[in-house]
Amino acid sequence: MSALRTSGPARAGQYLALLAYLVFLAFPLLWLVSTAFKPAPELASLHPTWIPKDPTLDNFRQAFDEQPLLRAAANSLLAAVSAAVIAVAVATPLAYVTARHRGRLTTAATGWVVISQAFPFVLVIIPLFLVLKNLHLINSVAGLVLVYVVWSLPFALWMLMGYVRAVPAELEEAAAVDGAGRIRTLVSVTAPLLAPGIVATALFAFVTAWNEFFFALVLLKTPEKQTLPVVLTHFLGAEGVADLGPLAAAAFLATLPSLVVFGVLQRRITGGTLAGAVKS
Amino acid sequence: MRRLLALIALLTLLLTGCTASDDGPDDGVVRLRFQSLAWQKESVDANRQLVKEWNAAHPGVQVEYVQGSWDSVHDQLLTSFEGGEAPDIIHDASDDLADFAYGGHLADLRPLLPERLRADIPARSWETTTFGEGVYGVPFLQEPRVLIANRRILESSGVRVPTPAKPWTWTEFRQIAQDLTRTMGPGRYAVAWPLKEPVSVSLNLGVSAGGRLFYRGPDGRVTVDFTEADGIVPGTVHDQVATDRTAPRTTLGSGGSDTLPGFFAGKYAMVPLGFAYRQQIVQQAPEGFEWTVLPAPVGSGGTAQGVSPQTLSIAEDSPHKKEAAEFLDFFLRPANMVRLARGDWMLPTGTAALADPSLHTARDGWATGAAVAEHLRPAPAQSVRGYPEWKDKVATPAFQEYYSGAIDGTELCRRLVEDGNRVLARYQRR
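- Naming follows an unreviewed UniProt entry, where chain B appears as Sugar ABC transporter substrate-binding protein of Streptomyces vietnamensis.

- Chain A goes by Sugar ABC transporter permease in an unreviewed UniProt entry, where it is assigned to Streptomyces vietnamensis.
- Reading the Sequence similarities (unreviewed entry) entry of the UniProt record for chain A gives the comment "Belongs to the binding-protein-dependent transport system permease family."
- On record in UniProt, under Subcellular location (unreviewed entry), the comment for chain A is "Cell membrane".

## Section: the interface of chain A and chain B
(1) Moving on: Contacts between the two partners involve 48 residues from chain A, matched on the other side by 42 residues from chain B.
(2) Moving on: Of the roughly 4000 Å² buried between chain A and chain B, counting both surfaces, carbon and sulfur atoms make up 65%.
(3) Moving on: Summed over the shared surface of chain A and chain B, the result is one salt bridge.
(4) Moving on: In this structure, Lys221(A) engages Glu85(B) in a salt bridge whose closest nitrogen and oxygen atoms are separated by 2.5 Å.
(5) Moving on: Linking chain A with chain B are six residue pairs in polar contact (both at pLDDT 80 or more).
(6) Moving on: At the level of elements, α2 (40-43), α3 (58-66), α4 (69-100), α6 (121-134), α7 (141-166) and α10 (214-219) of chain A are the ones that each hand at least two residues to the side of chain A that touches chain B.
(7) Moving on: When its residues are assigned to classes, the side of chain A that touches chain B shows 29 nonpolar, eleven polar and eight charged.

## Points about helix α11 (residues 256-264) of chain B
All names here are of chain B.
(1) Moving on: Buried residues dominate α11, accounting for seven of its nine residues.
(2) Moving on: Residues of α11 that are buried include every one of Gly 256, Thr 259, Leu 260, Pro 261, Gly 262, Phe 263 and Phe 264, and no others.
(3) Moving on: The elements touched by buried residues of α11 are β7 (145-150), β11 (268-274) and α12 (278-284).
(4) Moving on: Looking one or two residues past α11, Gly 266 carries a phi angle of roughly 80°, positive in sign.

## A few points about the UniProt feature "domain: ABC transmembrane type-1" (unreviewed entry) in chain A
(1) Moving on: When the UniProt feature table is mapped onto this chain, "domain: ABC transmembrane type-1" (unreviewed entry) is found at residues 73-265 of chain A.
(2) Moving on: Within residues 73-265 of chain A, the helical portion is 79% and the strand portion 0%, while the C-alpha atoms at the span's ends are 20 Å from each other.

## Notes on the domain arrangement of chain B
Residues and elements named next belong to chain B.
(1) Moving on: As assigned here, chain B comprises domain 1 (19-142 + 308-378) and domain 2 (145-307 + 381-427).
(2) Moving on: Put simply, the middle of domain 1 and the middle of domain 2, counted by C-alpha atoms, are 29 Å apart.
(3) Moving on: In this complex, domain 1 contributes 27 residues to the contact, which on the side of domain 2 involves 18 residues.
(4) Moving on: Summed over both sides, the interface between domain 1 and domain 2 buries roughly 2100 Å², with carbon and sulfur atoms accounting for 62% of that surface.
(5) Moving on: When residues of the side of domain 1 that touches domain 2 are traced back to their parent elements, those giving at least two are α4 (98-102), α16 (366-373) and β16 (376-378).

Conventions and cut-offs
- Residues numbered from 1 in each chain as written.
- Chains lettered and ligands numbered in written order.
- Predicted model: local features only at pLDDT ≥ 70, side-chain atom pairs only at ≥ 80, totals over all residues.
- Heavy atoms only, no water.
- UniProt positions renumbered as here; feature names shortened; annotations may be inferred.
- Contact = heavy atoms within 4.5 Å.
- Buried area = accessible area lost by both parts, 1.4 Å probe.
- Salt bridge = Lys/Arg side-chain N within 4 Å of Asp/Glu carboxyl O.
- Polar contact = N/O pair within 3.5 Å; in protein donor to acceptor, adjacent residues only side chain to side chain.
- Helix = DSSP H or I, 4+ residues; strand = E, 2+ residues; numbered from the N terminus.
- Nonpolar A, V, L, I, M, F, W, Y, C, P; charged D, E, K, R; others polar.
- Buried < 20%, exposed > 50% of the residue type's maximum accessible area, 1.4 Å probe, protein only.
- Domains from an automatic or database assignment.

Listed below in structure tokens is the structure:
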């Protein structure tokens with residue numbers, strides 16, 4: 001295959017567009033970081049600056065002083081990791097079966113999966129609350145994880161089905177011809193090829209759960225159980241008034257785990273995807 | 001695969017350990033859950049401290065403080081009520097209580113509250129939490145809207161500075177805004193209206209001009225009408241933005257906090273804000289910035305203003321209503337109400353608390369607010385069923401378009417009245 005060639009100006013234009021896009025994507029995060037380090041008078045300046053003139057850690061101190069951020073982060077982490085692992089563990093075999101054995105039932109199931117994503121939270125929250133109450137799972141991280149798994153499962157399933165379809169069935173047939181059993185084929189041949197998809201799906205489930213606010217607000221009753229998004233709203237008053245500095249500091253800290261997880265796993269996703277994309 | 005199974009097993013164990021039991025230990029101690037919406041540090045500290053003091057003095061009735069959130073509080077409470085898991089003691093705003101009260105989720109407090117507390121809070125405040133025959137919350141904190149002004153600009157301009165005894169009229173306010181804008185120079189304005197939530201501002205300030213908008217007939221049915229008095233406040237804002245150019249169009253979609261940088265920079269001489277915003281101003285104002293608190297302008301209604309006080313209610317499902325009411329009695333003793341009011345930079349509803357000297361100092365404008373407090377009235381929309389839908393679907397877009405100059409007063413009136421009454425009628429069918 002011949003390499004794609006572009007002229008100098010066209011390439012410069014591409015880089016410029018890419019740079020603009022990156023700046024656009026990075027703007028909220030950079031502004032959040034900048035705000036987190038600004039003292040109160042600078043936050044109220046009519047001419048805000050990117051770099052704080054008089055950077056301070058007071059917002060972080062105040063945020064930790066006023067709210068139990070570490071405990072909330074631990075709760076969020078437990079809920080998000082659990083939801084991600086369980087969602088992937090359940091969705092992977094389901095996706096495999098659905099993708100490999102196509103029929104009316106699987107088509108209907110896929111359609112339902114897509115439709116279910118359109119349900120608003122408020123539509124399901126009261127019945128869900130009653131079900132969890134009967135299961136004695138109100139005010140428990142376990143109950144919250146159950147909700148997150150159920151909520152992310154359809155999309156996880158949908159994502160993974162695409163990855164399963166991308167793995168050629170001929171590879172599994174070749175393994176079978178070589179004498180590998182069904183389980184051996186799945187574990188040794190299919191699973192490694194699916195790894196990037198599984199990681200991406202787990203990331204999706206993790207981030208969904210990590211950022212989720214409304215279910216956590218409604219289902220967790222005591223302060224010890226509250227997750228980070230719920231605790232962050234404690235910096236907000238009525239009619240949108242906000243304690244901006246500490247809120248920015250806490251929100252910046254809350255984005256770190258997602259960034260770290262993406263940072264650690266993105267190479268795995270990219271590497272895996274590329275490996276699967278190259279045909280010998 | 002084995003590692004994955006091990007991880008799942010570990011998580012299952014962890015999560016099992018995280019499952020809470022709803023029942024406290026069977027030790028005869030009554031446990032009450034108090035969900036508070038206090039959010040400012042001083043306010044949270046005051047709430048926590050009071051709970052601590054109660055718990056120390058009442059080993060048989062322990063209160064657990066839970067910090068709630070103004071964001072989504074209605075949906076959260078609704079879900080908790082429907083699921084039978086509501087907190088025993090609930091902090092909210094009076095204009096959010098109607099649906100819960102009519103829905104049977106809140107306890108009627110009349111047989112529960114002590115005479116001291118009932119007598120201490122004026123009847124006009126109790127009106128904000130009275131729905132039908134019952135009283136479903138104790139109104140304990142309230143805030144008027146005031147004009148926060150740049151003292152230097154105001155004094156150097158030579159205009160008359162209003163006092164609670166002699167406030168500006170709405171006509172005078174418009175004229176003074178023109179004078180001020182002229183003296184301030186180009187790109188600067190006498191007033192900035194932060195009208196992200198235009199309905200409550202228009203309605204509650206409209207009371208000062210004799211406006212009501214909601215009128216209850218002898219049969220108890222509420223209809224929207226738009227009289228001349230109802231048009232004075234919206235008309236003033238509209239004219240300041242669209243005709244006089246004494247108020248910038250850009251702040252119409254902003255919240256109160258968003259206008260503060262411009263205010264500190266001297267771009268606006270005055271900003272109409274809730275009384276509690278003083279805390280942000282104290283915290284954020286640049287060194288040497290001089291500011292003052294002025295009463296809102298008045299019309300035929302005098303210094304009256306509509307308010308929706310913060311309230312404390314007891315859940316109907318609570319098995320310990322008597323103990324919860326005893327806690328409210330303690331929590332809202334005059335001295336404690338003062339602590340809560342100072343923590344939230346608001347005004348107490350209680351007469352004894354409002355008389356506290358610390359709320360009458362000139363510093364930070366406390367005296368101006370305290371002087372206005374006795375004229376505060378229930379917000380006109382208070383207890384009107386269907387008000388939230390009217391506000392979201394009819395009034396908010398109509399006011400926004402009117403203030404920005406997209407529609408005229410006739411169209412505003414038509415929408416508020418015709419479209420509004422259609423909405424309210426659905427809630428009042430028998």
